[in-house]
Amino acid sequence: MSCMTPSTDDSWISIDDEEARAFRAGVVEWLMTYHPHDCPVCEEGGHCHLQDVTVMTGHDRRRYRFNKRTHRNQYLGPFIAHEMNRCINCYRCVRFYNDYAGGTDLGVFGMNNNLYFGRHQEGVLESPFSGNLTEVCPTGVFTDQTHSERYVRKWDMQFAPSVCHQCAVGCNISPGERYGEIRRIENRYNGELNRYFLCDRGRFGYGYVNRTDRPRHPEWRSDGWKERCNEQADNPAILDVDPALDRGADMLRSARRVIGIGSPRASLESNHQLIELVGRENFSCGIAAQELACLKRMAELEGSCGLPVPTLREVEAHDAVLVLGEDLMHSAARLALAVRQAALARRDDLAQGRGIPTWNAEAVKTLAQDSRHPLYIVYPSATELDGISAGSWRLAPADVARLGFAIAHAIDGNAPAVPDLDATLAAAAHAVAGQLMAANRPLVISGGSLESTHVLDAAGNIARALSRRTKRAGFMLIRGEVNSTGLAMLGGHSLEWGLDELAESRADAVVVLENDLYARLPEARVKAAMDTEATLMVLDHQRTRTWQQASLGLPAASFAEADGTVISLEGRAQRFFQVFDPRYLRPECRIHESWRWLHALRASVFRHEDSTITLDEATEACVRDYPALADMVAAAPGADYRVEGTKLARAPHRYSGRTSLRANISVSEPRTPQDPDTPFNFSMEGYSGFDPARMEVPFAWAPGWNSHQAWNKFTDEVGGHLRAGDPGVRLVMPRSGAYDYSRDVPAAFKPRSNGWQLLVLPRLFGGEETSARATPIEERASVPSEAPSIGLSSDDAAQLGLEQGALLTLATDTASLTLPLRCDQRLPSGVVSLPAGLSSEFRSGEWARINAPAPGAASSHEEAPL
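Quick caveat, the model's predicted, so the values are computed rather than measured.

Attention now moves to the side chain of Gln-166. Relative to the helices and strands, Gln-166 resides in the loop between β6 (162-163) and β7 (172-178). A polar contact of 3.3 Å, which involves the side chain of Gln-166, links it to the side chain of Glu-768. For Gln-166, the side chain forms a polar contact with the side chain of Thr-770, separated by 2.9 Å. In this view, Gln-166 contacts Arg-201, Gly-205, Tyr-208, Glu-768, Thr-770 and Ser-771; residues no more than four positions away in its chain are not counted.

Have a look at this one:
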């Protein structure tokens with residue numbers, strides 16, 4: 001077979017030879033002997049790799065007349081539906097799940113051609129990459145269960161190129177819409193970033209877009225209105241766009257001073273329009289002070305340490321990795337998958353030296369056994385990459401930093417030494433430094449999960465020490481939210497500053513942009529600002545606690561209904577495009593992009609004649625004020641981009657039922673929505689091919705290829721880059737020679753007899769504000785093995801006489817929370833951990849008390865605000 005035969009000189013390969021055609025047809029017929037002919041009722045129909053090749057080979061008659069094997073299906077959790085009777089025994093699922101993603105709970109059982117692919121017993125798939133089975137599987141064995149609940153064929157959905165908003169990695173996605181709802185999210189290929197795979201939070205966390213309680217109209221609350229209507233504050237007046245803008249303009253004109261609070265989950269254009277409205281001196285970025293300090297330090301380090309920030313593709317080519325103070329699987333899951341491939345790449349190196357082709361996967365694994373490139377992890381608790389690491393250390397944040405400083409000193413004696421360093425850690429520092437120096441392409445990864453600038457400085461010292469030895473090393477810093485990097489580039493005060501301005505009556509009006517203040521700071525701190533006479537205006541796409549206290553609420557568009565630009569953790573500016581117009585199927589809806597609301601509001605306040613603005617104009621305005629963002633204009637084609645004189649299609653050419661979409665509203669079909677902001681049409685009209693090549697691809701389709709295999713028509717080679725170039729543009733480039741070693745080495749951590757140092761650690765499912773509102777994510781986060789708990793070292797628990805699962809009350813000076821105990825053998829003594837997303841009352845670094853409640857006390861975590 002040509003696919004398994006190394007190419008040689010003078011070889012001749014034909015895929016069109018009659019013998020090759022007959023061979024392919026025979027293989028497909030064999031595959032179909034046990035596969036049901038249920039395409040009309042199969043959810044994968046029209047999106048199926050097996051269907052593609054079956055049609056291509058001309059197989060349209062069944063000669064097999066015997067009984068088919070049948071299997072029982074399993075419950076695999078809220079993400080994946082299971083239909084084993086469609087299996088063709090290709091082994092793709094277990095090769096991805098086990099070998100590539102590192103899963104352990106999916107296997108193959110049986111022998112010969114009577115095989116079963118599933119778990120040893122029913123239960124939730126544990127891997128955070130299980131959703132990729134829906135695209136890896138060439139049939140309909142594993143399907144998207146979140147899509148099943150509101151199913152529609154692929155060709156009947158409308159798509160747009162978009163960017164995942166659930167973390168800072170910036171994976172490319174293709175959301176599909178029908179009837180004004182996001183029905184599923186598919187992977188969108190980007191050769192420098194996610195390539196073929198997404199994490200489950202990015203794939204299944206879109207449910208907040210479809211929530212029925214979302215604000216869809218401007219809402220007005222005032223004492224006078226409540227008195228006249230004799231209604232409660234939770235029954236606001238519904239306004240149209242112009243009255244809402246008039247009310248908003250009156251509010252702002254009558255104020256002595258207006259401040260704006262931005263958001264790292266809003267686009268650069270939206271944050272910039274808020275700055276335009278209130279002025280730079282009155283702008284808060286909406287991020288807590290400690291997190292903001294970490295973001296600023298990260299920006300300084302990346303620009304001055306002399307090492308480049310690698311792409312995810314480049315991460316896989318590094319041959320020694322140090323992760324300092326991060327649990328990548330929970331803070332940047334797709335990056336964790338890339339780091340895993342970097343460690344496992346040692347297999348391919350060994351195979352290449354012995355002439356074994358990489359497609360011979362079993363031979364490569366047998367040869368390599370447990371040989372891997374060195375991966376070192378320093379973090380307070382156990383991580384999911386520990387199993388493939390060459391060494392891992394569980395330390396308190398101060399000791400994490402001290403070990404990092406010691407590694408830098410071992411690489412370069414000019415870096416500061418660490419006084420009174422434990423002998424065990426000193427030996428570890430020399431071992432890690434030796435491996436980093438011996439590697440061809442070492443990589444240092446750190447971030448802000450521990451909210452410690454000392455940890456960041458230690459990572460920066462290591463990066464600077466390596467940069468003096470080699471320029472092939474890499475340095476990567478993890479942020480928390482989709483536009484944290486971009487917001488730090490815009491600047492602005494901390495959230496505490498904004499609340500202090502209100503609480504002390506130095507401002508009497510505030511505009512909050514896509515930010516729930518109660519999710520970022522303790523309630524008492526926020527309430528002190530909200531209880532003043534200041535007027536509150538909120539723009540958001542979720543009905544948050546902050547929204548419910550606003551005098552004026554303006555319904556903002558989510559990522560699916562908006563266009564904008566965000567900057568990922570690697571400094572890549574990327575454009576996300578509107579998937580659908582929410583007003584087409586809901587004429588009464590008044591949702592608009594935040595940047596469009598804010599521009600119109602500014603025009604009303606200052607009585608400008610032109611209150612309209614396009615995306616290109618909003619982007620160019622941002623660039624004019626921030627020269628460092630100049631290249632973001634090139635992140636995607638402008639609205640005037642055309643292919644052969646036509647705009648690009650958002651929907652496949654077989655899109656059906658358009659004339660009946662609004663039949664419940666009117667029998668007269670209006671013109672499809674017009675899009676002045678992007679080069680896309682809200683219909684199937686327009687260009688959707690792959691030649692000539694294009695960068696922004698809403699959905700993958702090519703003649704004969706309806707499945708995900710169509711992406712191979714858009715790339716220069718399988719697994720390569722898009723032929724028109726991968727989307728996005730890098731804005732952050734390192735500078736050399738401007739960075740001196742940090743010498744602020746913290747003292748060693750010392751446990752206290754009367755308290756524990758609290759660490760709020762990132763959590764993949766339930767730890768991010770918007771995806772936590774999606775029902776499937778809520779179900780996944782409640783799995784017993786991952787349910788919220790208080791983490792305590794096994795030694796500390798034994799000293800307190802506590803057992804696994806005992807209810808504990810974690811208390812600080814201002815708040816308390818009761819949860820089950822999770823005994824962690826690797827957690828350092830004197831430290832207590834809490835998963836992110838439960839309550840904003842607790843901050844990393846503060847000291848807490850632990851109390852065991854009376855028997856029979858109930859857990860209170862269900863009532864904690866997400």
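Scored by pLDDT, the protein has a mean of 92; 97% of the residues are at 70 or more. The low-confidence segment residues 224-232 (pLDDT under 50) makes 9 contacts with residues lying over four places distant or belonging to another chain. In the model, residues 857-866 has pLDDT below 50 throughout and makes 22 contacts with residues more than four positions away in sequence or in other chains.

The next thing to look at is the nonpolar core. Grouped together as the largest cluster of nonpolar side chains are 182 residues, with contacts concentrated most on Leu-335, Ile-407, Ile-445 and Ile-462. Core analysis: the next-biggest nonpolar cluster, separate from the first, contains 21 residues, Val-510, Tyr-518, Met-530 and Ala-550 among them.

Let us look at the sheet that holds strand β17 (residues 474-478). Strands sit in the order β15-β14-β13-β16-β17 across an open sheet of 5 strands; the sheet is parallel. The open sheet is flanked by β15 (391-394) and β17, the only strands paired with a single partner. For this sheet the average axis-to-axis angle between neighbouring strands, irrespective of direction, equals 10 degrees. As defined by bridge partners, strand β13 (residues 320-324) adjoins strand β14 (residues 375-379) across 4 bridges and the pair is classed as parallel. Paired with Val-323 across the strands is Ile-377, a residue of β14. Packed on one face of the sheet, helix α18 (residues 453-467) meets β13, β16 (442-447) and β17 and runs near 165 degrees to β16.

Turning our attention to the side chain of Asn-190. Summarising the element assignment, Asn-190 is placed in the loop between β8 (181-187) and α6 (200-204). Judged by its relative accessible area of 0%, Asn-190 falls in the buried class. Other than its neighbours up to four places away in sequence, Asn-190 contacts Asn-172, Arg-195, Gln-574, Asp-726 and Pro-727.

In this section: the sheet that holds strand β20 (residues 552-555). For sheets, the rule is that strands pair by backbone hydrogen bonds, running either parallel or antiparallel. The sheet built from 7 strands is open, its strands ordered β10-β9-β20-β19-β18-β11-β12 with mixed pairing. The open sheet has two edge strands with one neighbour each: β10 (237-238) and β12 (283-284). Examined bridge by bridge, strand β11 (residues 258-261) and β12 share 2 bridges and lie parallel to one another. Along β12, the bridge assignment pairs Ile-261 with Ser-284. The sheet strands contacting helix α20 (residues 495-503) are β11, β12 and β18 (509-513), and the helix crosses β11 at an angle near 150 degrees.

Quick look at the environment of Leu-125 now. For Leu-125, the position within the fold is in the loop between β3 (114-118) and α4 (133-136). Judged by its relative accessible area of 1%, Leu-125 falls in the buried class. A C-alpha to C-alpha distance of 9.7 Å links Leu-125 and Arg-780, two positions 655 residues apart in sequence. Apart from residues lying up to four places away in sequence, Leu-125 is in contact with Leu-76, Ile-80, Tyr-97, Asp-105, Leu-106, Arg-119, Ser-130, Leu-133 and Arg-780.

Conventions used here
Residues numbered from 1 in each chain as written. Predicted model: local features only at pLDDT ≥ 70, side-chain atom pairs only at ≥ 80, totals over all residues. Heavy atoms only, no water. Helix = DSSP H or I, 4+ residues; strand = E, 2+ residues; numbered from the N terminus. Polar contact = N/O pair within 3.5 Å; in protein donor to acceptor, adjacent residues only side chain to side chain. Contact = heavy atoms within 4.5 Å. pLDDT = per-residue confidence, 0-100. Core = buried A, V, L, I, M, F, W, Y, C linked by side-chain atoms within 4.5 Å. Buried < 20%, exposed > 50% of the residue type's maximum accessible area, 1.4 Å probe, protein only. Pairing = 2+ DSSP bridges. Axes fitted to C-alpha atoms, helices over the stretch in contact; angles between N-to-C directions.

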